[in-house]
Amino acid sequence: MYMNTIKKILGLVWMCLAPAIIWFLVAQAIQKIGLSTDLTRSNVTLQWVIILTIFTPICIGFFIFGYYGLKGEYDQLPTSSKDVE
Amino acid sequence: MSFVTKPSKISLVIGASSVGTLIEWYDFYIFGMLATIISKQFFPSDAGTSALLSTLAIFAAGFIVRPFGALVFGRLGDIIGRKYTFLLTLVLMGGSTFAIGLVPGFATIGWAAPILVLILRLVQGLALGGEYGGAATYVAEHAPANRRGFWTSWIQTTATLGLFLALGVIIFIRSNQGVEAFSAEWGGWRYPFWMSIILVVVSILIRMKMSESPMFTKLKSEGKTSTNPLKESFGHKANFKMVLLALFGAVMGQGVIWYTGQFYAQSFIETVCKVEFVQSRNLMLWAILFATPFFVIFGYLSDRIGRKWIMMLGMLAGILTYRPIYQYFLDATNAKNRTEKIDLAHTISSEKIATVDVKDRTKILVVQKVDTAYLDGAIFSYTKTDTLQIAAEFSDINASKIQYVQVDPLDGTQFDTVLLQLKSSAGLNLDTTRIADVVVLSKSAKPTILVEKTLDHATYWNLIWLVFVQILYVTMVYGPIAAFLVELFPTKIRYTSMSLPYHIGNGVFGGLVPFLGTLIVEFTKTTDNPAGDPLAGLWYPIGVASICLFIGVIYLTNKVDKEVMD
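Residues numbered from 1 in each chain as written. Chains lettered and ligands numbered in written order. Predicted model: local features only at pLDDT ≥ 70, side-chain atom pairs only at ≥ 80, totals over all residues.

Peer 1: What should I look at first to understand the overall build of chain B in this one?
Peer 2: Each helix and strand in chain B was counted, giving 23 helices and nine strands. Expressed as a percentage of the 566 residues in chain B, the buried residues total 53%. (Helix = DSSP H or I, 4+ residues; strand = E, 2+ residues; numbered from the N terminus. Buried ≥ 20, exposed ≤ 12 C-beta atoms within 10 Å, placed from the backbone.)

Peer 1: Sorry if this is basic, but what is going on with the overall build of chain A here?
Peer 2: Across its full length, chain A holds two helices and zero strands. For 85 residues, the compact-globule formula gives about 12 Å, and the C-alpha radius of gyration of chain A, at 18 Å, lies well above that figure. For chain A, the spread of C-alpha atoms along the principal axes amounts to about 55 × 25 × 15 Å. Within chain A, residue pairs in contact and separated by at least 24 positions form 76% of the contacts whose partners lie at least 6 positions apart. (Rg over C-alpha atoms; globule rule 2.2 N^0.38 Å. Contact = placed C-beta atoms within 7 Å.)

Peer 1: Just checking my understanding: could you explain the packing of helix α8 (residues 148-177) of chain B against helix α20 (residues 481-488) of chain B for this structure?
Peer 2: Packed helix pairs are characterised by how far apart their axes lie and by the angle those axes make with each other. Residue and element names in this part refer to chain B. Put simply, α8 and α20 touch, their axes get as near as 7 Å, and they point 120° apart. What the angle tells us is that α8 and α20 run oblique. Of α20, the residues touching α8 (which contributes Arg148, Gly149, Thr152, Ile155 and Gln156) are Ala482, Ala483 and Val486. Taken together, the residues of the contact of α8 with α20 break down into four nonpolar, three polar and one charged. (Axes fitted to C-alpha atoms, helices over the stretch in contact; angles between N-to-C directions. Parallel < 35°, antiparallel > 145°, perpendicular 65-115°, else oblique. Nonpolar A, V, L, I, M, F, W, Y, C, P; charged D, E, K, R; others polar.)

Peer 1: Help me out: how do you make sense of the environment of B:Lys453 in this one?
Peer 2: Residues and elements named next belong to chain B. With respect to the helices and strands, Lys453 occurs in strand β9 (residues 452-455). You can call Lys453 buried: it has 20 C-beta atoms within 10 Å. When the C-alpha positions of Lys453 and Asn334 are compared, they lie 9.1 Å apart, and in sequence the two are 119 residues distant.

Peer 1: So what exactly am I meant to see when it comes to helix α2 (residues 41-70) of chain A here?
Peer 2: Three or four residues apart is the spacing at which side chains of an α-helix point the same way, because the helix has 3.6 residues per turn. Residue and element names in this part refer to chain A. For α2, built from 30 residues, the straight-helix expectation of 44 Å at 1.5 Å per residue is met to within 8% by its first-to-last C-alpha distance of 42 Å. Buried within α2 we find Val44, Gln47, Trp48, Ile51, Ile54, Cys59, Phe62, Phe65, Gly66, Tyr68 and Gly69. At the exit of α2 stands Gly72, carrying a positive phi of roughly 80°. (Expected span 1.5 Å × (residues − 1).)

Peer 1: Just to check I follow, could you spell out the packing of helix α4 (residues 66-79) of chain B against helix α5 (residues 82-100) of chain B for this structure?
Peer 2: Residues and elements named next belong to chain B. At their nearest, the axes of α4 and α5 sit 7 Å apart, and the two run at 150° to each other. In terms of their interaxial angle, α4 and α5 are classed as roughly antiparallel. Two secondary-structure elements touch here, α4 through Phe73, Leu76 and Gly77 and α5 through Arg82, Thr85 and Thr89. The residue makeup of the contact of α4 with α5, split by class, is two nonpolar, three polar and one charged.

Peer 1: I tried to follow the confidence of the model for chain B on my own but got confused; where do I start?
Peer 2: Low pLDDT means the predicted atomic positions in that stretch should not be read closely. Residues and elements named next belong to chain B. In this model, chain B carries a mean pLDDT of 76, and residues with pLDDT of at least 70 account for 74%. Mean pLDDT in chain B bottoms out at strand β8 (residues 439-442), which sits at 33, and peaks at helix α23 (residues 539-555), which reaches 95. Note on residues 367-415: pLDDT is under 50 here. Beyond four places in sequence and across chains, it has 93 contacts. Taken together, the stretch residues 426-450 has pLDDT below 50 and engages in 54 contacts with residues farther than four places along the chain or on a different chain. What the predictor reports for the complex is a pTM of 0.75 with an ipTM of 0.92. (pLDDT = per-residue confidence, 0-100.)

Peer 1: Quick question: what am I supposed to make of the environment of B:Ile464 here?
Peer 2: Inspection of the secondary structure assignment puts B:Ile464 in helix α19 (residues 457-478). As for B:Ile464 and B:Ala140, which are separated by 324 residues in sequence, their C-alpha atoms are 33 Å apart.

Peer 1: Mind showing me how you'd approach the nonpolar core here?
Peer 2: Within soluble globular proteins, side chains that are nonpolar generally end up buried alongside one another. Residues and elements named next belong to chain B. Membership of the largest hydrophobic core comes to 159 residues, with the highest contact counts inside it found for Val139, Leu463 and Val477. For this core, the element with the most residues is helix α13 (residues 237-272), which contributes 20 residues. Dropping the residues within four chain positions of it, Leu463 is found in contact with Ile269, Leu283, Phe329, Ala332 and Leu455. (Core = buried A, V, L, I, M, F, W, Y, C linked by C-beta atoms within 7 Å.)

Peer 1: What is the right way to look at the environment of B:Phe172 in this model?
Peer 2: Examined against the element boundaries, B:Phe172 turns out to sit in helix α8. Separated by 160 residues in sequence, B:Phe172 and B:Leu12 place their C-alpha atoms 30 Å apart.

This is how it looks when you write it as structure tokens:
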């Protein structure tokens, strides 16, 4: 019971953390691309496009994970394949 | 219902699965092992760090597409069967690896070279994405319930043994060929890629003789296989939530622990600590050799005490000890217990270099576009500048005679013009009889290793021990993971469901460790601190592992699912 409450509270934490990570990455990307020189701009931009393209969907998944946690989906993990079919 | 496979047959199942997976890992790793050479061969010679970063990005691209390979081949594996799917992935992996060895360098075909390599690297990543889930599922579906962790852990050893094989082959060829021949456009660095085709053919022949997984065969005969495993895996909340839990509570942390121990460690020792090429690879070989049996030991233990706490302990150990371990790497390789090997031919990177002798026996060294130059230790040292520099350097007089002149190349001044000015300059008191002897010493490309450090015996073994410790963490998180994932999902969608979190965790979170680690260190570089904080790159694996550990401890169960044949 006590653990289930923690799981739900943490679910909310993950839901907040996911957009915060995206915001942090976007802010970093803008800053680093802005600081780059003409010579390095295309490379720096490419690197940040890769990072954002990869981590944005993962953060969305993390948000959904948090949502499931908040809704109590992980209170009781399945014990048989029948539970997940 | 259970399907007990005879001990003699399970050995064959494990052998056939492991050999193929081993070869796929070998194929995948040689690219990373040869990143420095590849960056020179497939990118413009003056691209410097950005070429290496681009190469690492291509290396990482191979990891990033692995989840897509997991979806494509996972779906196939759940529909047509495990055996034929991982035969297909093997062919794709071997073919693309062989083809990378055939791509001409940037000097011959320009930008087509990195583009071709990127495409082939993506095929490699897709194939690997389909391979692992198939092999792990195939073995798990043959193994008895109380030995699933033990038997699947043999598959887990292949990732490390693949690295071992890749390192061994590269060292062997490089040692026999010499550095110059090995690094040439059509040099020995291509041989490991070409060798792949032989290994793959052998592996295909072995796998062709294998039969399909008994559980999948039963499902198929009953017409119960999934018609749309993607929809069933990710469209149903009950299953999708387990995919997310597997990713964020176990595999994400396992991925960063793995790639830090096996890749970041080697990259750090070679590029930051600048330990000599062969020595840095040999110490990895020793560490891997000593640590590999622990995959099986922890796999076995996971059958007895559960998977969760072994994996969590491995993550915790990494989080707590990475920074002290890497700090030791820095301290040990900067101390006096090593010798620096400075080779003029390998320590100057520039477009043009010339010397001019003058009357007072001073040699004037003229260097244009120096990236990094070391001459006679502290006498002459520049790092990363595009300015035209004129320096005096001498092997036979003291440092007070050194003269430095810097000219901005953007004003149109060219090397030869400056050289001419130097020759005619009365102020430098040139020996006119020697002016004609001015020789361009080098138009070298960027050297492979600028300063190599050869470690003494004690430091060498200390480093082996500390790399071994990191790989021990890898064995703790990675040894039980296949059994853990297999038990999380039902048979008819197992290949798809377990492959995706595995490859996002390992391919994306883990595969990005070298790239993001290098990038984070770059961010810490300032004009006041041009070297940056060499340990800053560790915050990425430490951060990811910490979140994963937290989630795993709270959300995962330690219960071993005895019945996966459902």
